[in-house]
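An overview of the molecular structure
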Amino acid sequence: MSHSRRLLFSALSASMGLLAPGSPAQAEWPQVHANPGNTRFVPADLAPSSFSNQAVWEYVLSGSATAFHPAILAADRAIFHEGARRRLTALDLATGQLRWSWPAVYDEYNNLSIPVAARGRIYVLLRHLFASPQRRLFELDAESGVVLRERVLPEGSSDPSLTVRGDALFSTWDAQGALTRWDLDTLTPIRFVFPVPLQGGAFFAADSTHLYYQHQGQFEIQGLHAFDQQTLVRHFRIQAPPGLNFGGSAAYKSLVLGSSDSVFTNENGILIRYRLSDYSIAYMQADGYAPDQPMAFDGRLYIISRRGLNALDEQTGQLLWRSTALGDVTSLVAITNDHVIVYGSPGRIVALHRITGALAGSFLAPLPTYASLGNGLLVLGVGARYAAYRCGFPPRISAIDPVRAPFREGAARVSISGSGFGSGRNLEVRFGGVQATELEVVSDQLLRCRSPLLGPGVYDVEVGSSMGRTVLRRAFSSTPRLELPSDPRIGATLIIALEGTPGHGTLLLYGAPPALSITTPPFAGTLAMSNFGVLSSIVSWPTARLDLSVAVPNDPVLVGAPLLLQALSGPFLFGFETSAWTNSATLVLR
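The following paragraphs examine the structure supplied in this document.

Thresholds, definitions, all that
- Residues numbered from 1 in each chain as written.
- Predicted model: local features only at pLDDT ≥ 70, side-chain atom pairs only at ≥ 80, totals over all residues.
- Heavy atoms only, no water.
- Helix = DSSP H or I, 4+ residues; strand = E, 2+ residues; numbered from the N terminus.
- Buried < 20%, exposed > 50% of the residue type's maximum accessible area, 1.4 Å probe, protein only.
- Areas by Shrake-Rupley, 256 points an atom, 1.4 Å probe, with all protein chains shown as cover.
- Phe/Tyr/Trp six-rings, centres within 6.5 Å; stacked < 30°, edge-to-face > 60°.
- Pairing = 2+ DSSP bridges.
- Axes fitted to C-alpha atoms, helices over the stretch in contact; angles between N-to-C directions.
- Patch = residues over 30% accessible without salt bridge, like charges linked within 9 Å, V, L, I, M, F, W, Y side chains within 5 Å.
- Salt bridge = Lys/Arg side-chain N within 4 Å of Asp/Glu carboxyl O.
- Polar contact = N/O pair within 3.5 Å; in protein donor to acceptor, adjacent residues only side chain to side chain.
- Core = buried A, V, L, I, M, F, W, Y, C linked by side-chain atoms within 4.5 Å.
- 1 Å grid on protein atoms, 1.4 Å probe; cavity = no way out; pocket = protein on both sides within 12 Å on 5 of 7 lines; lining within 4 Å.
- Points joined across faces, edges and corners; volume = space filled by probe spheres on them.
- Nonpolar A, V, L, I, M, F, W, Y, C, P; charged D, E, K, R; others polar.

**Topic: the overall build of the chain**
Helix and strand counts for the chain stand at one helix and 53 strands. Within the chain, buried positions represent 55% of all 590 residues. Carbon and sulfur atoms form 52% of the exposed surface of the chain, whose accessible area is close to 23,500 Å².

**Regarding the packing of aromatic side chains**
What the rule picks out here adds up to nine aromatic pairs. With 4.0 Å between their ring centres and 10° between their planes, phenylalanine 41 and phenylalanine 297 make a pair best called stacked. With phenylalanine 41 in the loop between strand 1 (17-18) and strand 2 (57-60) and phenylalanine 297 in strand 24 (residues 295-297), this residue pair connects regions lying 256 residues apart in the sequence. Phenylalanine 41 gets classed as buried once you look at its relative accessible area, which sits at 17%. A relative accessible area of 21% means that phenylalanine 297 is categorised as partly exposed.

**Thoughts on the pairing of strand 32 (residues 370-374)**
Where burial is concerned, most of strand 32 is hidden: five out of the five residues are buried. In strand 32, alternate side chains face the same way, and those of Tyr370, Ser372 and Gly374 on one face and Ala371 and Leu373 on the other are all buried. By the bridge criterion, five bridges tie strand 32 to strand 33 (residues 377-382) in an arrangement that is antiparallel. Residue glycine 374 lies in a different strand from strand 33, and its bridge partner there is leucine 377.

**Re the sheet that holds strand 41 (residues 446-450)**
Spatial ordering of the open sheet is given by 35-37-41-40, a layout of four strands whose pairing is antiparallel. The sheet terminates laterally at strand 35 (396-401) and strand 40 (437-443), the two strands that pair on one side only. Shown here is a sheet whose adjacent strand axes are inclined to one another by a mean of 25°, direction ignored. As paired elements, strand 35 and strand 37 (residues 413-419) share five bridges and run antiparallel to each other. Looking at the pairing, arginine 396 lines up with serine 419 of strand 37.

**A closer look at a nonpolar patch on the surface**
There is a patch of nonpolar side chains on the surface, built from Tyr109, Leu129 and Phe130 and spanning about 320 Å² of accessible area. Within the secondary structure layout, phenylalanine 130 lies in the loop between strand 9 (121-128) and strand 10 (134-141).

**Here's the deal with the side chain of asparagine 110**
Examined against the element boundaries, asparagine 110 turns out to sit in strand 7 (residues 110-112). By relative accessible area, asparagine 110 is classed as buried at 7%.

**Thoughts on the pattern of salt bridges**
According to the stated counting rule, one finds 26 salt bridges in the structure shown. Its salt-bridge partner being arginine 99, residue aspartate 92 comes within 3.3 Å of it at the nearest N-O pair. On the accessibility criterion, aspartate 92 (12% relative accessible area) is buried. Assessed through its relative accessible area of 38%, arginine 99 is described here as partly exposed. Taking the shortest distance from any N to any O, the salt bridge between glutamate 483 and arginine 474 comes out at 2.0 Å. Assessed through its relative accessible area of 15%, glutamate 483 is described here as buried. The exposure class assigned to arginine 474 is partly exposed, which follows from its relative accessible area of 47%. Among the charged side chains, a salt-bridge network with shared partners connects Arg404, Arg474, Arg481, Glu483 and Glu499.

**Overview of the environment of histidine 69**
For histidine 69, the position within the fold is in the loop between strand 2 and strand 3 (72-74). When its relative accessible area of 0% is taken as the criterion, histidine 69 is described as buried. Separated by 300 residues in sequence, histidine 69 and threonine 369 have C-alpha atoms that sit 8.3 Å apart. Of note is the side chain of histidine 69, whose polar atom sits 2.9 Å from the backbone nitrogen of histidine 81.

**Here we look at unusual backbone geometry**
Between tryptophan 102 and proline 103 the backbone carries a cis peptide bond, its omega angle lying at -5°. With respect to the helices and strands, the residue proline 103 is situated in the loop between strand 6 (98-102) and strand 7. Looking along the chain, the bond that leaves proline 513 and enters proline 514 is cis, with omega of 10°. Residue position: proline 514 is located in the loop between strand 46 (505-511) and strand 47 (518-519).

**Some details on the pairing of strand 14 (residues 178-183)**
Counting buried residues in strand 14 gives five out of six residues, a clear majority hidden from the surface. Note that strand 13 (residues 168-172) and strand 14 share five bridges and pair antiparallel. Paired with alanine 168 across the two strands is aspartate 183, which belongs to strand 14.

**A few points about the sheet that holds strand 38 (residues 428-431)**
Pairing is mixed across the open sheet formed by five strands, whose spatial order is 36-43-42-38-39. Both edges of this open sheet fall to strand 36 (404-406) and strand 39 (434-435), since each of them pairs with a single strand only. Pairing analysis gives two bridges linking strand 38 to strand 39, with the strands arranged antiparallel. Its bridge partner lying in strand 39, arginine 430 is registered against glutamine 435.

**What about the nonpolar core?**
Ranked by size, the top nonpolar core spans 39 residues in total, and within it Trp57, Ile349, Leu373, Leu378 and Val379 carry the most contacts. Listed by contribution, the elements that provide at least two residues to this core are strand 2, strand 4 (77-82), strand 28 (329-335), strand 29 (339-344), strand 30 (348-353), strand 32, strand 33 and strand 34 (385-390). Counting 20 residues, the second largest nonpolar core, distinct from the first, contains Ile496, Leu498, Leu508 and Leu558.

**What about empty space enclosed by the protein?**
Volume-wise, the largest cavity comes out at about 70 Å³. Forming the walls of the largest cavity are Gln31, Val32, His33, Asn38, Ile114, Pro115, Val116, Ser161, Leu162, Thr163, Phe203 and Phe204. The element that contributes the greatest number of residues to the lining of the largest cavity is strand 12 (residues 161-165), accounting for three residues. Among the residues forming the lining of the largest cavity, the class breakdown is seven nonpolar, five polar and no charged. As a volume, the second largest cavity reaches approximately 50 Å³.

Taken by themselves, the reported measurements are silent on function.
Here you go:
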């Protein structure tokens, strides 16, 4: 070994230290307007060219029942309220088959709220019109419809509103203005009665800190009310201007959160932007707007006018583009990462590019009374009929579990979370370019597979289908492995990252290149160097990842001298039959 290499590792050995353990780095529609902000935004990339006129499934409600709201999409179920039958019905998202109805025994005097979904559960308020004045909160298992918990609320008369934000469920239920925060873990209520009533039937909007509610009752308190989510104390009110009529009965009217300092509403064709920074009304516009509430995402607002679909700048209300090639736009459906989806005559679901307004794709469909987008499906409600259409979503990966597995144990069973797994044909998964086996698509947001046989190292994970491909870089480790994540410079701190099995020990070696491949039974893997020195030994480390810090001397003689690093990992270093070599890494200081 050269003199410069000996100098380097003499210095590195003296400065070796331990750092804190490192750590590795679903598109549902759980509420009526998709999310607590009521934006109808679904975080997915759409492939509009894949739109199909053929329904995946259809379901017709029995008797005089009608669809009463957009389907709640959760736990692979489409869950909706049968208005005339006063019950919840859950369909299998893949097949459209009936999975459960609740209450199981139909009672025409049941009065149900619109449900919300969270953590695989459904929350709904029920009040029997004659049997009991009390309203009860029910928690149902979304997959089976089984009642898990029930809570009794005081007597109330007005239609309730439910929304979920984080670990809390919020509800109103009576004409006296009671607002409740429910802890989702315990379903414990905290009640606070405000000096002003909460009436009017509009839905809450919620950001990370506040609830927003638009009162439509007495004129002197009309306008936007904001409540602190933790204390339920009213933080501020923005009063509506004189002469504004808050009447009208747009279905499930809601406040819509913008992406910056904004809350929007459409009152009888007048678009209002409430500005939160100074508690004022930023602007009001009247452009023949339809009763449908706007959609907001990424600094843009989308709203129907008598002249077409308008895309506005949220801050100023300036028109960015208007689409007039759709015929009459009758309803807004959803926003995705790249498209705006609307219903336009004659009888078409249309996707427009979100930034330019250009037509991207369309298909014929019955007029939707309500529509939900998620889990790779567009679910339409038309009177007593529900239908689901497949939408093309390129696959996207959000998480992998586990993120590491011992290579000497062979292939690992891996779960991959994301979206778009059910949209296309010829789905495949690759680890480091090698195809996985035993592929199972559990849902549009979850698939499972068995990883290929991999040597120690870190690998990209790729999912592809006829809709496109996605890669999560350096997402899966075959352990034990060694990596140099920091930029190796003289005078700086070098990080050497080791991944393996908690409780194992490590013998860290250094040597001169080139890297070799020497078998050393009974150790698994191969040794990369024939002559080596011991840089460090650790009897046991408790975590899956260990970061070693090395202070590199600021000595120019160390620049450019390549060295190999490799480790032997196992239980206390001497469990020979279960110990294994990591991959080797080349260190060249700059």
